[in-house]
Amino acid sequence: MQPAVRRLASVRSHLGTRTMSSFTPRYNGAANTLEHRVYIESNGTPISAWHDIPLFADQNRSILNMIVEVPRWTNAKMEISKEEAFNPIKQDIKRNKLRFVRNCFPHHGYIWNYGALPQTWEDPSVPHAETKAKGDNDPLDVCEIGEQVGYVGQVKQVKILGIMALLDEGETDWKVIVVDVNDPLADRLNDIEDVERHLPGLIRATNEWFRIYKIPDGKPENTFAFSGEAKNKKYATEIVHECHEAWRRLIHGEVNRNTCNLANLSVSNSVGLTRVGDPEHAAIKPNQHLPPAPIDPSISKWFHISAAQV
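First things first, this report covers the structure right here in the doc. Every chain is numbered independently, its residues counted from 1 as its sequence is written. Totals for whole chains, interfaces and linings use all residues, but because this is a predicted model, local features are given only for residues with pLDDT of at least 70 and pairs of side-chain atoms are given and counted only at 80 or more. Excluded from the side-chain calculation are hydrogens and water; included are all heavy atoms of the structure.

1. Section: unusual backbone geometry
Cut-off, in case you're wondering: Labels follow the DSSP assignment, with helices taken as runs of H or I lasting at least four residues and strands as runs of E lasting at least two, numbered in each case from the N terminus.
A cis geometry characterises the amide bond from Phe-105 onward to Pro-106, with omega recorded as 5°. Of note, the phi angle at Trp-73 is positive, near 75°, even though the residue is not glycine. Looking at the element boundaries, Trp-73 is found in the loop between β5 (63–70) and β6 (78–80).

What follows is the structure, given as structure tokens:
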């Protein structure tokens, strides 16, 4: 067996049983720059954050893998790149400038560890039966509410608690509420009503955060389906399975891929199945430990949103 093929076989055989500590980030470029990328490695090999990390860490116990894109209390709008090979995490850009979320009083940055569920996709061609809006063409977004502050590229094992349906510029943008299985409260948080019982005010703050966070940038208030209600674990689990099935159709070429890059090392018979050492995989640079670039001090400004604005 050739070295590259042997290495690929090792990647495939281990991906399905990996724990969160087995995935590690690979940093390219300095944080707070246009060049910054965070790849995910398994066994030292860069993989696709979107396609190669299994959705289920333990399907029998309904434990999922979650990829942290934005650690709690930070402002840089980091997200998995759907368009780039192997889907690194990068900072979102608008008009060639890095995007930062504004601080809307009393919130500072993101108020949870924010990220995505791998191997999920919100199909932009299919309107949801209840929200009446099509998907946003992204992996499912996740708000992890545990006490530990994560880091970009961390893979957490989480359990589902509920879900909210943000309507963002005419698209359904689901927000899955989860908790790290290792959190001290994990055993007591089993459904959405437990969140209000043990973490009073968090669901209300989450609703407010998503409604107002774009207002400082001159955009209108966001709205929610279901009058802002957070749906329970059962409903959320159904949405996750629907979006996992949508991703399966995408990765196997059964639907229009749009601009989605499907390069991966582990999904058998998929459109983008790639070998270790192929040109676009070999192009990923080694790990780089560079100091972060300075951030404009204005990012720390607090914005006070009046009731009249919302």
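2. Concerning the pattern of salt bridges
Applicable threshold: A carboxyl oxygen of Asp or Glu within 4 Å of a side-chain nitrogen of Lys or Arg is what we treat as a salt bridge. Summary of the burial criterion: residues with accessible area below 20% of their type's maximum are buried, those above 50% are exposed, and those between are partly exposed, where the area comes from a 1.4 Å probe applied to protein chains only.
Tallying each qualifying case throughout the model produces 24 salt bridges. The shortest N-O distance in the salt bridge between Lys-156 and Glu-144 comes to 3.8 Å. Remark: Glu-144 occurs in strand β12 (residues 141–144) and Lys-156 occurs in strand β13 (residues 155–168); sequence separation between them is twelve residues. Its relative accessible area of 0% is what places Lys-156 among the buried residues. On the accessibility criterion, Glu-144 (0% relative accessible area) is buried.

3. Topic: the layout of surface pockets
Short version of the rule: In this analysis a 1.4 Å probe is tested at points of a 1 Å grid over the protein atoms alone, and where it fits but cannot get out there is a cavity; an open set with protein on both sides within 12 Å along at least five of seven lines is a pocket; lining residues have an atom within 4 Å of a point. Grid points are joined across faces, edges and corners, and a volume is the space filled by probe spheres set on the points. Side-chain classes are defined by residue name, with Ala, Val, Leu, Ile, Met, Phe, Trp, Tyr, Cys and Pro counting as nonpolar, Asp, Glu, Lys and Arg as charged, and the others, Gly among them, as polar.
Its volume calculated, the largest pocket comes out at about 700 Å³. Lining the largest pocket are 29 residues, with Lys-77, Glu-79, Asp-92, Arg-99 and Asp-138 sitting closest to its centre. Those elements that place two or more of their residues in the lining of the largest pocket are β6, β11 (113–116), β14 (171–180) and α3 (202–212). Partitioned by chemical class, the residues of the lining of the largest pocket number nine nonpolar, one polar and 19 charged.

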